[in-house]
Amino acid sequence: MKYQPEFLEQAYDPRDPSPWLALYLDRSTPLDDEVKRAWLADSSSRSRQFVLPFMRPLARTLIVLIQVAKVFAPRRLAFSRTLHRLLAWGMENFLRPEANWLILRHFHLGSQVLEFIGKNSGVEVQGNPLRPAAVADVREDMFLVHDLNLFNFVIRLNQNLQAAGRELQFVADPDLSMVKQPELRLEDMPRRWRNFLDLQSSIELFTPIYQLLLTDSDFWRATNSLQLDETIGLYVATILDARSHLVLLNNRHPLVPLSTLRAGFRLTLHGLSTEMLHAFLMSKRDQQAAAAAA
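Quick summary incoming for the structure in this document. Everything numeric in this text was worked out from a predicted model, so none of it was measured.

1. A short note on the overall build of the protein
Next, step 1: Counting its regular elements, the protein contains 12 helices and zero strands.
Next, step 2: In the protein, the order of α-helices and β-strands from amino to carboxyl end is α-α-α-α-α-α-α-α-α-α-α-α.
Next, step 3: Relative to its length of 294 residues, the protein is compact, with a C-alpha radius of gyration of 20 Å against a globular reference of 19 Å.
Next, step 4: The C-alpha extent of the protein, read off along each of the three principal axes, is 60 × 50 × 30 Å.
Next, step 5: Residues classed as buried in the protein amount to 49% of the 294 residues present.
Next, step 6: Within the protein, residue pairs in contact and separated by at least 24 positions form 85% of the contacts whose partners lie at least 6 positions apart.

Shown next as structure tokens:
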């Protein structure tokens, strides 16, 4: 039986229509149905309604204060292992099941998208795919490695393309074999009474902690990796000749770094953009399979 969020169990009332039901029924943007249910269940939670408005200004204030403090701290001081153990502990004990599921999915989906681009680029690109099976896997520096993977992929891809005298181009029959739904089940996520914190509130809370326990370089790279959504989107659009779908990306121009203050909000956009890009690739894979079977 599929998970049913509260807004789908309530009777439809035309005099008081649910905005979450309207967003769920809308099909103007590509998104897996189970993902959309989980995303909107998390977004319509009481945590997001009552915790996020207080968490966001507090988190942004902490970012400013930590930045000032880091002016006087050793530049290479970092506690990555402590950070990831703390993040894993927080996820296990306080995040809603939907939030944990979406976070773990993100590592799988990001790895699949990079592998798709690499396989269809015409050159060899070394990768480091992340496929966590449980929240505990986050302890192995997974957030930091995720950011490193993205920048290293862009560097290696373009170095190899230049060395081969090639450019990314349209591929008539692309390799989509790596695109699939991760073997992660929402029902397997921690579901205790204290697992109440929604995705956006948790991201806002984790952001200053991330900044505190990593170097300025690591934090800056993490926040500015979000602008590479546009870059990765362009790579996929070039291979599939589908540039109209770039309208779904809005994390700003990669050549214009933004303030770290809005990193939490932009990280949420990054997660949603990745889900939509993966759903688009899934639809292309299904179309390819249907054409081959015809």
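2. Some words on the pattern of salt bridges
Next, step 1: Applying the stated rule across the entire model yields 15 salt bridges.
Next, step 2: Between glutamate 275 and arginine 105 there is a salt bridge, and its shortest N-O distance comes to 2.9 Å. Of the two residues, glutamate 275 sits in helix H12 (residues 263–293) while arginine 105 sits in helix H7 (residues 97–119), which places them 170 residues apart along the sequence.
Next, step 3: Glutamate 275 sits in the buried class, given a relative accessible area of 4%.
Next, step 4: Taking the relative accessible area as the measure of exposure, arginine 105 reaches 2% and is therefore buried.
Next, step 5: Where salt bridges share partners, they join Arg27, Asp33 and Arg37 into one cluster.

3. Some points on empty space enclosed by the protein
Rolling a probe over the atoms, with the probe sized like a water molecule, indicates the empty space that remains.
Next, step 1: Within the structure shown, the criterion is met by two cavities of 30 Å³ or more.
Next, step 2: Reported here for the largest cavity is a volume of approximately 520 Å³.
Next, step 3: As for the largest cavity, its lining consists of 26 residues, of which His106, Phe143, Ile203, Leu267 and His270 are closest to the centre.
Next, step 4: Mapped onto the lining of the largest cavity, the elements with two or more residues apiece are H7, helix H8 (142–163), helix H9 (199–213), helix H10 (216–224) and H12.
Next, step 5: Across the lining of the largest cavity, the residue classes break down as 15 nonpolar, nine polar and two charged.
Next, step 6: For the second largest cavity, the calculated volume is near 40 Å³.
Next, step 7: Taken together, Trp39, Asp42, Ser43, Leu102, Leu199, Gln200 and Thr268 make up the lining of the second largest cavity.
Next, step 8: Those elements giving two or more residues to the lining of the second largest cavity turn out to be helix H3 (33–43) and H9.
Next, step 9: The residue makeup of the lining of the second largest cavity, split by class, is three nonpolar, three polar and one charged.

4. What to know about the nonpolar core
Next, step 1: By size, the foremost hydrophobic cluster in this structure holds 38 residues, and its most contacted members are Met91, Trp101, Phe143 and Tyr210.
Next, step 2: Within the residue set of this core, elements represented by two or more residues are H3, helix H6 (80–94), H7, H8, H9 and H10.
Next, step 3: Top element by residues in this core is H7. It accounts for six residues.
Next, step 4: The contact partners of tyrosine 210, leaving out residues within four places of it in the chain, are Leu83, Leu87, Phe143, Leu144, Asp147, Phe219 and Ala222.
Next, step 5: Counting 26 residues, the second largest nonpolar core, distinct from the first, contains Val113, Ile117, Ile239 and Ala242.

Parameters at a glance
- Residues numbered from 1 in each chain as written.
- Predicted model: local features only at pLDDT ≥ 70, side-chain atom pairs only at ≥ 80, totals over all residues.
- Heavy atoms only, no water.
- Helix = DSSP H or I, 4+ residues; strand = E, 2+ residues; numbered from the N terminus.
- Rg over C-alpha atoms; globule rule 2.2 N^0.38 Å.
- Buried < 20%, exposed > 50% of the residue type's maximum accessible area, 1.4 Å probe, protein only.
- Contact = heavy atoms within 4.5 Å.
- Salt bridge = Lys/Arg side-chain N within 4 Å of Asp/Glu carboxyl O.
- 1 Å grid on protein atoms, 1.4 Å probe; cavity = no way out; pocket = protein on both sides within 12 Å on 5 of 7 lines; lining within 4 Å.
- Points joined across faces, edges and corners; volume = space filled by probe spheres on them.
- Nonpolar A, V, L, I, M, F, W, Y, C, P; charged D, E, K, R; others polar.
- Core = buried A, V, L, I, M, F, W, Y, C linked by side-chain atoms within 4.5 Å.

Geometric descriptors of this kind do not, in isolation, establish any biological role.
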